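# A look at the structure
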Protein chains: 2
Amino acid sequence: MAIRGVAADHVTLRRNNLSVVLRHVHDLGPRSRARIAEETGLNKATVSSLVAELVDRGLLREGSADSSRALGRPGQLVELDGTGVCGVGAEINVDYLAVVALDLTGNVVFEKRVPVDVAHLGPDTTLDRFAELVQEAVAAVHARQGQLAGVTLAVPGLVEGETGELKLAPNLGWTEVSVAKEMRARLGEPTYPLHVENEANLATLAAYAELREHDLVLLTGAVGVGGGVVSGGQLLRGAHGYSGEVGHMPVAPPGQTCGCGRTGCWETVVGLTALLRKATDRDDPVRDPSLDVEQRLAGIVQRAEAGDVRTLDALKDVGTWLGIGGAILVNILNPAVLVLGGYFAVLGPWLEEPLEKALRGRVLAPEGGGCRVVRSDLGFGAAVRGGAQICLDQVFADPTQLGES
Amino acid sequence: MAIRGVAADHVTLRRNNLSVVLRHVHDLGPRSRARIAEETGLNKATVSSLVAELVDRGLLREGSADSSRALGRPGQLVELDGTGVCGVGAEINVDYLAVVALDLTGNVVFEKRVPVDVAHLGPDTTLDRFAELVQEAVAAVHARQGQLAGVTLAVPGLVEGETGELKLAPNLGWTEVSVAKEMRARLGEPTYPLHVENEANLATLAAYAELREHDLVLLTGAVGVGGGVVSGGQLLRGAHGYSGEVGHMPVAPPGQTCGCGRTGCWETVVGLTALLRKATDRDDPVRDPSLDVEQRLAGIVQRAEAGDVRTLDALKDVGTWLGIGGAILVNILNPAVLVLGGYFAVLGPWLEEPLEKALRGRVLAPEGGGCRVVRSDLGFGAAVRGGAQICLDQVFADPTQLGES
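None of the values given here were measured: they were computed from a predicted structure.

### Description of the relation of the copies chain A and chain B
Placing chain A over chain B gives an RMSD of 0.0 Å and needs a rotation angle of 180°, together with 0.0 Å of translation along the axis. In the structure described here, the two chain copies are related by an operation that fits a two-fold rotation axis. Taken as a fraction of all interface residues of chain A, those also at the interface in chain B reach 100%, which identifies the copy contact as same-surface.

### A look at the interface of chain A and chain B
Contact residues are listed per partner, giving 59 residues for chain A and 60 residues for chain B. Around 5100 Å² of area is buried between chain A and chain B when both sides are counted, 66% of it from carbon and sulfur atoms. Where chain A packs against chain B, one counts zero salt bridges. Our count for the chain A to chain B interface comes out at 20 residue pairs in polar contact (both at pLDDT 80 or more). Here the residues of the side of chain A that touches chain B sort into 32 nonpolar, 18 polar and nine charged.

### Section: the sheet that holds strand 12 (residues 216-221) of chain A
All names here are of chain A. Taking strand neighbours across the sheet as the criterion, the five strands line up as 14-13-12-15-16 in an open arrangement whose pairing is mixed. On the outer flanks of this sheet lie strand 14 (234-235) and strand 16 (372-375), each paired with one strand and no other. Judged from the six bridges that link them, strand 12 and strand 13 (residues 225-231) form a sheet pairing that is antiparallel. Of the residues in strand 13, the one forming a bridge with glycine 221 is valine 225. Packing against the sheet, helix 12 (residues 348-362) makes contact with strand 15 (337-342) and strand 16, and its axis sits at approximately 165° to strand 16.

### Some remarks on the domain arrangement of chain A
All names here are of chain A. According to the domain assignment, chain A consists of domain 1 (10-80), domain 2 (85-203 + 383-397) and domain 3 (213-378). Computed from C-alpha atoms alone, the centre-to-centre distance between domain 1 and domain 2 is 33 Å. Counting residues at the interface gives seven residues for domain 1 and seven residues for domain 2. Of the roughly 660 Å² buried where domain 1 meets domain 2, counting both sides, 68% is carbon and sulfur surface. For the domain 1 face of the interface with domain 2, the top three residues by lost area are Arg23, Leu59 and Leu80, together amounting to 53%. For the pair domain 1 and domain 2, the number of links is one residue pair in polar contact (both at pLDDT 80 or more). For the side of domain 1 that touches domain 2, the leading source of residues is helix 1 (residues 10-28), giving four residues. Residues belonging to the side of domain 1 that touches domain 2 are distributed by class as follows: three nonpolar, two polar and two charged.

### Topic: the nonpolar core
Core analysis: the biggest nonpolar cluster contains 196 residues, and Trp266 and Ile332 of chain A together with Trp266 and Ile332 of chain B have the highest contact counts within it. If you look at the next biggest cluster of nonpolar residues, it comprises 36 residues, including Phe110, Leu153, Val159 and Val196 of chain A.

### Considering the environment of leucine 121 of chain A
Residue and element names in this part refer to chain A. Within the fold, leucine 121 resides in helix 4 (residues 118-143). Taking C-alpha positions, leucine 121 is 30 Å from alanine 149, a pair spaced 28 residues apart along the chain. Residues in contact with leucine 121, not counting those within four places in the same chain, are Val116, Thr126 and Arg129.

### Notes on unusual backbone geometry
Residue glutamate 176 of chain A is not a glycine yet carries a positive backbone phi of 45°. Positionally, glutamate 176 of chain A belongs in strand 10 (residues 174-177). The phi dihedral of glutamine 145 of chain B falls on the positive side, at around 65°, and the residue is not glycine.

### Section: the packing of aromatic side chains
Taken as a whole, this structure holds two aromatic pairs over all chains when the rule is applied. Measuring from ring centre to ring centre gives 4.8 Å for tyrosine 343 of chain B and phenylalanine 344 of chain B, while their planes differ by 45°; the resulting arrangement is tilted. Comparing tyrosine 343 of chain B with phenylalanine 344 of chain B, the two get one shared label, buried. The ring of tyrosine 96 of chain A has arginine 113 of chain A sitting right over it, with the charged end atom 4.6 Å from the ring centre.

The rules behind the values
Residues numbered from 1 in each chain as written. Chains lettered and ligands numbered in written order. Predicted model: local features only at pLDDT ≥ 70, side-chain atom pairs only at ≥ 80, totals over all residues. Heavy atoms only, no water. Least-squares fit on C-alpha atoms with pLDDT ≥ 70 in both. Contact = heavy atoms within 4.5 Å. Buried area = accessible area lost by both parts, 1.4 Å probe. Salt bridge = Lys/Arg side-chain N within 4 Å of Asp/Glu carboxyl O. Polar contact = N/O pair within 3.5 Å; in protein donor to acceptor, adjacent residues only side chain to side chain. Nonpolar A, V, L, I, M, F, W, Y, C, P; charged D, E, K, R; others polar. Pairing = 2+ DSSP bridges. Helix = DSSP H or I, 4+ residues; strand = E, 2+ residues; numbered from the N terminus. Axes fitted to C-alpha atoms, helices over the stretch in contact; angles between N-to-C directions. Domains from an automatic or database assignment. Core = buried A, V, L, I, M, F, W, Y, C linked by side-chain atoms within 4.5 Å. Buried < 20%, exposed > 50% of the residue type's maximum accessible area, 1.4 Å probe, protein only. Phe/Tyr/Trp six-rings, centres within 6.5 Å; stacked < 30°, edge-to-face > 60°. Lys NZ or Arg CZ within 6 Å of the ring centre and 35° of its normal.

If you want it as structure tokens, here you go:
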């Protein structure tokens, strides 16, 4: 594979090789300089110099002696220095605000989730509270002498890639909120990179980091249904950042009105509201939106496990519709994996069989084009993890972007 | 933007910079060495050395004196040497075989199309004739002392990326034909690269080369309906090369049986057969498959221009269904452009209005996410052009892959 696209000089070449060594140690674990040289094809002197710079920058550190070598002089291992750099991901969703700070090794440095009725509170007050939450995470990073690689803000709606403006979030009732600009002002015009991104896209990146499948589709189920696509190892964003709006594919029979005002959206037959409508009566406590969603889902699981016919029928129906819409995605994208996130993951044991049956019946390629269906175990924290990781990915791509420590 | 992914040494660096200079002259036209240096940021001595190597390799040549400089010593222009290298694209489709050879500047060196009833003839005889056609193109390249960068074979079906096996081509009635292996044998185990690719994917690459939009979706309309996706400047292939099967999205009402044996496929309401069923009687000559498809389409155009109500109603119906399925693609992929190819391009003037109306009504992002609908003017030669270009792209990506002339 050739490097391509931009005229490269020796500075670019060194930056590339710093990135190669840092990713190598991240992906494959602690190892000696000699082994890094063998495995990457770089010569030993170059590796020593690259490692020295990465240590200076607080990204690698000396580890223990290499006990894996039976013969010859034992090499010193180098390993990721988790303490030096952190990325922060924060999320606004329908009924909560959340934040996580991850260090370079992926460990959680700080984590918090606050129940908030966002649609009621409106943008101004919500963003005030959201900024306070982000400040807490930033303070936690600074308290341990860490450098902040950046902050990514996740929102459940259409984000214009270049400006970070939230154009439309049907389930929050927000339109045209300048989230990036408003948050920069509230955070005191910070010098660290700050980006806004669709929450399903970030959850998809988190699933990608977990599964390492270069072609995957994630479906996140809540009241709204979001999707994200990784193709050839790249998150698919589209021309303006509006990709992945799978919840509004017009595949359902008319009947229920969607949060977007249309009928026929996929969301109206596979969203959480659709499941609850089919499985429960109007006054059933699992419909109560003031209760925590995980608690409500536990109620559904309990009934399914007890063999409740109405619950099982509703799950089968949702699973079949998941397969019908899923077949569209698989025919277009041919992913290796279809990942179920959000409530789809929790109820996966009952959704998967009808889903896979419908999928295999409707995908042109034999055996569903080889697509496996798996459940994400990142739960409702997937988007904030993806947001923090995207910041850390920038450090792996260009280890010279942060100052030397 | 950082180069990334593989450990790079000075050989890689030079290869990258050869590619940068060659693409630069291709994209922006003849220019002096001094100007290339200014525009790419490479230093003048490096550019001179890179240009000298590209001239030696028969990819660039000295042009006329630079008349654009009013002051100072006039520089010599360097330009693409179109004569040195060619790529070949060849296509098997339902009712024809076709081939084109393009030189590095995109000029047609050889072109031929032969009407063949492929489904009747079967794989063995078809591939014999196909190999003869490819040999003619290869001979034409060699006759002008050109180097052959490679041959790409386009087929209307599911191609397994790694092996070049055609798994399934519903409209040919072929299953599991080892096209790459069979053709290599018939061509005498050639040393040039030979690849097999889905025809809609290749037509998509041709549209991409023409439009230079980094996020586009192509729809090709014939009896079957194919699709291709370019996202972030990369053709989306999927995990096994089975992407783009848009014709089999389950969005249509049941009723007509699709070529794949299912009902509900998009193809059954937007394919050429669906249009003809709605617009014409059973014995209408425009339904006659033994006539050339362009001639039959001219008959439809004539009726539409004359205001024939049945024809106009059928076109409006197909246009609306194009918009309904198109909305799915736009919601998932957010392309900048939706390109109409094949028969959709010919009848575009009547399809576009209902298409755009349905699209805008069903895409979540405002104004269809900024997606424009355009007609391809590459006609039924798009796939072979894309096939030839893919070979030439390899030369642009790595100008050292061919021997020095």
